[in-house]
Amino acid sequence: MNYESIGKNIRAYRIRKHLRQEDLAEKTDLSVTYIGMVERGEKLPAMETFINILNALEVSADVILADVLKVGYEVKGSLITEQLSALSQPDREKVYDVIATLIKHSK
């Protein structure tokens, strides 16, 4: 299993929440060293610890596990749809054009 992607996603959501590792450690009653090891993919937290981290970050497990789940592409699609909705109409059209070009050249 790719622990690095799980840690990378935890780090990304921690940063999105404007939390330092110290803040997340305090919210979860874990050490800063442990948070760093999880974010680097050196440790995989136990279920209870993982749930505490998710709750502290206010994020669901499927989002953090998207890269390792077989249905992860559905989650990624939802995240991309959310990001696209925040764009202006002209910017969305540009993104769709790029995606269409990539798909066309992938066949």
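What comes next is a walk through the structure. Please read all numbers here as calculations on a predicted model, not as lab measurements. (Residues numbered from 1 in each chain as written. Predicted model: local features only at pLDDT ≥ 70, side-chain atom pairs only at ≥ 80, totals over all residues. Heavy atoms only, no water.)

Notes on helix α1 (residues 3-16)
Phase 1 of the analysis: Under the 1.5 Å per step criterion, the end-to-end length of α1 is 20 Å for 14 residues, consistent within 8% with the ideal 20 Å.
Phase 2 of the analysis: The set of residues buried in α1 consists of S5, I6, G7, N9, I10, Y13 and R14.
Phase 3 of the analysis: Note on α1: the residue one or two positions beyond its end, H18, has a positive phi of about 60°. (Helix = DSSP H or I, 4+ residues; strand = E, 2+ residues; numbered from the N terminus. Expected span 1.5 Å × (residues − 1). Buried < 20%, exposed > 50% of the residue type's maximum accessible area, 1.4 Å probe, protein only.)

Here's the deal with the packing of α1 against helix α4 (residues 47-57)
The packing of two helices is summarised by the inter-axis angle and the distance between the axes.
Phase 1 of the analysis: One can describe the packing of α1 onto α4 by two numbers: an axis separation of 10 Å at closest approach and a directional angle of 30°. What the angle tells us is that α1 and α4 run roughly parallel. Between α1 and α4 the crossing geometry is left-handed. Across the interface between the two elements, I6, I10, Y13 and R14 of α1 pack against F50, I53 and L57 of α4.
Phase 2 of the analysis: Within the contact of α1 with α4, the residues separate by chemical class into six nonpolar, no polar and one charged. (Axes fitted to C-alpha atoms, helices over the stretch in contact; angles between N-to-C directions. Parallel < 35°, antiparallel > 145°, perpendicular 65-115°, else oblique. Left-handed = near helix turned anticlockwise from the far one by under 90°. Contact = heavy atoms within 4.5 Å. Nonpolar A, V, L, I, M, F, W, Y, C, P; charged D, E, K, R; others polar.)

Re the side chain of T28
Phase 1 of the analysis: With respect to the secondary-structure elements, T28 resides in helix α2 (residues 21-28).
Phase 2 of the analysis: Given a relative accessible area of 7%, T28 falls into the buried group.
Phase 3 of the analysis: Here L24 takes part through its backbone oxygen, which lies 2.7 Å from a polar atom of the side chain of T28.
Phase 4 of the analysis: Excluding anything up to four places from it in sequence, T28 contacts I35, N52, I53 and A56. (Polar contact = N/O pair within 3.5 Å; in protein donor to acceptor, adjacent residues only side chain to side chain.)

A closer look at the environment of L87
Phase 1 of the analysis: Inspection of the secondary structure assignment puts L87 in the loop between α6 (72-85) and α7 (89-106).
Phase 2 of the analysis: For the pair L87 and I64, spaced 23 residues apart in sequence, the C-alpha separation works out to 23 Å.
Phase 3 of the analysis: When neighbours within four sequence positions are excluded, L87 is seen to be in contact with R92 and V95.

A look at the side chain of E39
Phase 1 of the analysis: One can find E39 in helix α3 (residues 32-39).
Phase 2 of the analysis: Residue classification places E39 among the buried residues on the basis of a relative accessible area of 7%.
Phase 3 of the analysis: Within the structure, the side chain of E39 is placed 2.5 Å from the side chain of R14, a separation counted as a polar contact.
Phase 4 of the analysis: Not counting residues within four places of it along the chain, the set of residues in contact with E39 comprises E4, G7, K8, I10, R11, R14 and Q21.

Notes on the pattern of salt bridges
Phase 1 of the analysis: Tallied over the full model, the rule gives six salt bridges.
Phase 2 of the analysis: For K8, the salt bridge goes to D67, with nearest N and O atoms at 3.6 Å. Of this pair, K8 sits in helix α1 while D67 sits in the loop between α5 (61-64) and α6, placing them 59 residues apart in sequence.
Phase 3 of the analysis: You can call K8 partly exposed: its relative accessible area is 48%.
Phase 4 of the analysis: The partner of R40 in a salt bridge is E42, and the shortest N-O contact between them spans 3.0 Å.
Phase 5 of the analysis: Overall, the relative accessible area of 48% leaves E42 in the partly exposed class. (Salt bridge = Lys/Arg side-chain N within 4 Å of Asp/Glu carboxyl O.)

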